[in-house]
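Take a look at the letters that make up each chain.
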Amino acid sequence: MNTLFRTKSPDHLIQEAAAPERQMKRALGPFHLTCIGIGAIIGTGIFALAGTAAAGEQAAAVDSILKTPVMNFIQSWITHAPLVFGRPGAGPAVMLSFIVAGIACGFAALCYAELAAMIPVSGSAYTYSYATLGEIIAWIIGWDLILEYAVGNMAVAVGWSGYFVSLCSSAGIKFPLWLVNDYASAKNILATGGDALATYSSTTLPIIGGHQIALNLPAFLIVAAVTTLLIFGIRESARTNTTIVIIKVAVVVFVIAFGAFMVHPSNWSPFLPTGFGGVMSGAAIVFFAFIGFDAVSTTAEETKNPQRDMPIGIIASLIICTLLYVLMAAVITGMRKYTTYFGDPAAVATAFAAYPVAKALISAGAIAGITSVLLVFQLGQPRIFMAMARDGLLWPWFARIHPRFRTPHNTTIVTEVVVGVVAMLSSISWLADLTNIGTLFAFALVCIGVMVLRKTAPQRPRPFRVPMVPLFPILGVLFCFVLMLSLPLETWGRFFGWLIIGLCIYFFYGMSHSKLRGGLDTGITEDQPPPLIKT
């Protein structure tokens, strides 16, 4: 049992990353890192979830228990009040929901910044947990990060396809139903009928081998395009992401500036229609809109001056996005009564429905936002796999670096195939619910890691220090735990199921191949180490 919690020396982690056969191209500065953070944060969350958080969600009777937040059960047990099913809406106080979610991420961001500056190695929370909490905890975190990056990207790719097909249809370009939807979604569209069928050039599903087929080709192609860019180099990927970020931030600013002139203050009353419980429920929903700032830490080995630049990129991106989110929430709840957004997955577009040009710009911004999220998440996941493979917990083939482009090409390709194929064949909407709880769990453990390392290595140089330790890390853990309790019961069940699968892989493969457990803390990861490339 003691070996399960053996930690890896931060000095050793840094020395491993500095080995010639492992060196990656250092091309990122603070501006690039901030743009990577913004690119990962501003996406479908703000365009789709603000209205849902404001109006709330009602659960059908058949599955009302499973779709009810755990917090509702706790409140009912403590107060002896009747159990409230579903999620209460925050109303105009969704602005506070964004602030609460931003504060929770802020505490975690400070902890990420300290560890990223102190241990500038790829792997994000996985690497930090290995250095502070032990191997078994590191594996659990690495397995959870798959929920944040790979599984989340599957849903994002499907969302990108939906926006793309909608925009093409409005421009007079239509595709066959079977070519732009997975089978389940295609059958649902056919069963529903109505105006939705007018979006497609053909609604007939082809038959192969006696079975109807349908696949979401745009979802696969966008993942393939992003992957190709990532393989060619981090500098090229960062430049592309920066361009996209500028476009979508400009769209968000346009929404705020244009919508501010159409705000009716009467729509903000009552401000707290369901009390503080609605605010917390809304915060648990909009937390998805903040996921991604930690992707900055996965690029530590490609940053010119990680000790200085990593904290800047992490904290600056979170502050900028929180401010934009609160202002946008104020605008859309001020333009329309919050109850009109019930069941609306595109609240921002609905708010501007009377202004076709503005609506088109918002749709373009949504596509730009989703594309940059795909880019950054596809950048982060392979580097998590690479870090785990370096430690022997995954196959060594995953740790190899391209001799010319200095990128983890093997894991990038594997991620593309898995994400692209699943996104092409499945709607996987229920898997996206796992993203929030897995990420919150990772954030909480990073906060704990800061406190542990302050005790075990108090003299270690810290280019950036979290203020008021242990208060801030403890608050980070508490905020994350409360938000986890605000998630539905079924999400907790799926989360524990995911953890069990991950632990089975660890005990059947990772445990026996761990370099730390076997006393092999160093070693060449490539068959033929490429020469050191100076940048």
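J.: Provide a residue-level description of the overall build of the chain, including the pertinent values.
T.: Counting its regular elements, the chain contains 18 helices and 4 strands. Expressed as a percentage of its 535 residues, the buried residues of the chain come to 57%. Summed over its atoms, the accessible surface of the chain is roughly 20,800 Å², and 70% of this surface lies on carbon and sulfur atoms.

J.: Give me the lowdown on the packing of helix H5 (residues 94-118) against helix H11 (residues 275-286), citing residues and values where you can.
T.: It is at 8 Å that the axes of H5 and H11 come closest, and there the two elements cross at 60°. In terms of orientation, H5 and H11 fall into the oblique class. Considering how the two elements wind past one another, H5 and H11 form a crossing that is right-handed. For the pair formed by H5 and H11, the contact residues are Val94, Leu96, Ser97, Phe98, Val100 and Ala101 on the first element and Gly278, Val279, Met280, Gly282, Ala283 and Val286 on the second.

J.: How would you sum up the packing of aromatic side chains? Please name residues and give values.
T.: A full pass over the atoms with the stated rule returns 20 aromatic pairs. Consider the rings of Trp143 and Trp498, whose centres lie 4.6 Å apart with planes at 20°: the pair is stacked. Placement of the pair is Trp143 in helix H7 (residues 135-170) and Trp498 in helix H18 (residues 489-513), with a sequence separation of 355 residues. The exposure class of Trp143 is buried, given its relative accessible area of 11%. Taken together, the ring pairs in this structure connect Trp139, Trp143, Trp498, Tyr506 and Phe507 into an aromatic cluster.

J.: Now, about the environment of Arg400: what can you tell me, with residues and values included?
T.: Turning to its location among the elements, Arg400 is positioned in the loop between helix H14 (356-390) and helix H15 (409-425). Along the primary structure Arg400 and Asn410 are separated by 10 residues, whereas in three dimensions their C-alpha atoms are 6.8 Å apart.

J.: An account of the pattern of salt bridges is needed here, citing residue identities and associated values.
T.: Pairs may arise between side chains of opposite charge once their charged atoms sit close together. Counted under the stated rule, the structure contains 4 salt bridges. Between Arg462 and Glu114 there is a salt bridge, and its shortest N-O distance comes to 3.1 Å. In this pair, Arg462 sits in the loop between helix H16 (429-456) and helix H17 (471-485) while Glu114 sits in helix H5, placing the two residues 348 residues apart along the sequence. For Arg462, a relative accessible area of 9% translates into the label buried.

J.: Outline the nonpolar core, supporting the account with residue identities and numerical values.
T.: Counting residues in hydrophobic clusters, the biggest one holds 147 residues, and the most contacted among them are Phe98, Phe293 and Leu374. Sort the elements by how many residues they give to this core and H7 lands first, with 18 residues. Every residue in contact with Leu374, bar those within four places of it in the chain, is listed here: Asn153, Val156, Ala157, Trp160, Ile222, Val223 and Val226. By size, the runner-up hydrophobic cluster in this structure holds 8 residues, among which are Val180, Ile189, Tyr200 and Ala214.

J.: Which residues make up the environment of Val477, and what values do they have?
T.: Note that Val477 resides in helix H17. Spatially, the C-alpha atoms of Val477 and Cys447 are 6.3 Å apart, while their sequence positions differ by 30 residues. Residue contacts for Val477: discarding those within four places in its chain leaves Ala444, Cys447 and Ile448.

J.: Please set out the confidence of the model for the chain residue by residue, giving values where relevant.
T.: Residues of the chain with pLDDT of at least 70 account for 87%, and the chain-wide mean is 79. Under a pLDDT of 50 for its full length, residues 522-535 has, in the predicted model, 31 contacts with residues more than four places off or in other chains.

J.: Could you give an account of H14, naming the residues involved and the relevant values?
T.: Over its 35 residues, H14 runs 52 Å from end to end, which matches the ideal 51 Å to within 8%, given 1.5 Å per residue. Immediately beyond the C-terminal end of H14, within one or two residues, lies Gly392, with a positive phi of roughly 85°.

J.: Any details on the side chain of Thr34? Residues and values, ideally.
T.: In this structure, Thr34 sits in helix H2 (residues 30-41). With sequence-adjacent residues up to four places away left out, Thr34 is seen in contact with Ile312, Gly313, Ala316, Ser317 and Ile320.

J.: How would you explain the packing of H5 against H17 if you had to name every residue and give the values?
T.: Where H5 meets H17, the closest approach of the two axes is 9 Å, and the angle between their N-to-C directions is 135°. With respect to their mutual orientation, H5 and H17 come out oblique. You can see that H5 and H17 cross each other, and the crossing is left-handed. Contacts between H5 and H17 involve Val100, Ile103, Ala104, Phe107, Leu110 and Cys111 from the first element and Phe472, Pro473, Leu475, Gly476, Phe479 and Leu483 from the second. Of the residues assigned to the contact of H5 with H17, the class counts are 11 nonpolar, 1 polar and no charged.

So, how was this worked out
Residues numbered from 1 in each chain as written. Predicted model: local features only at pLDDT ≥ 70, side-chain atom pairs only at ≥ 80, totals over all residues. Heavy atoms only, no water. Helix = DSSP H or I, 4+ residues; strand = E, 2+ residues; numbered from the N terminus. Buried < 20%, exposed > 50% of the residue type's maximum accessible area, 1.4 Å probe, protein only. Areas by Shrake-Rupley, 256 points an atom, 1.4 Å probe, with all protein chains shown as cover. Axes fitted to C-alpha atoms, helices over the stretch in contact; angles between N-to-C directions. Parallel < 35°, antiparallel > 145°, perpendicular 65-115°, else oblique. Left-handed = near helix turned anticlockwise from the far one by under 90°. Contact = heavy atoms within 4.5 Å. Phe/Tyr/Trp six-rings, centres within 6.5 Å; stacked < 30°, edge-to-face > 60°. Salt bridge = Lys/Arg side-chain N within 4 Å of Asp/Glu carboxyl O. Core = buried A, V, L, I, M, F, W, Y, C linked by side-chain atoms within 4.5 Å. pLDDT = per-residue confidence, 0-100. Expected span 1.5 Å × (residues − 1). Nonpolar A, V, L, I, M, F, W, Y, C, P; charged D, E, K, R; others polar.

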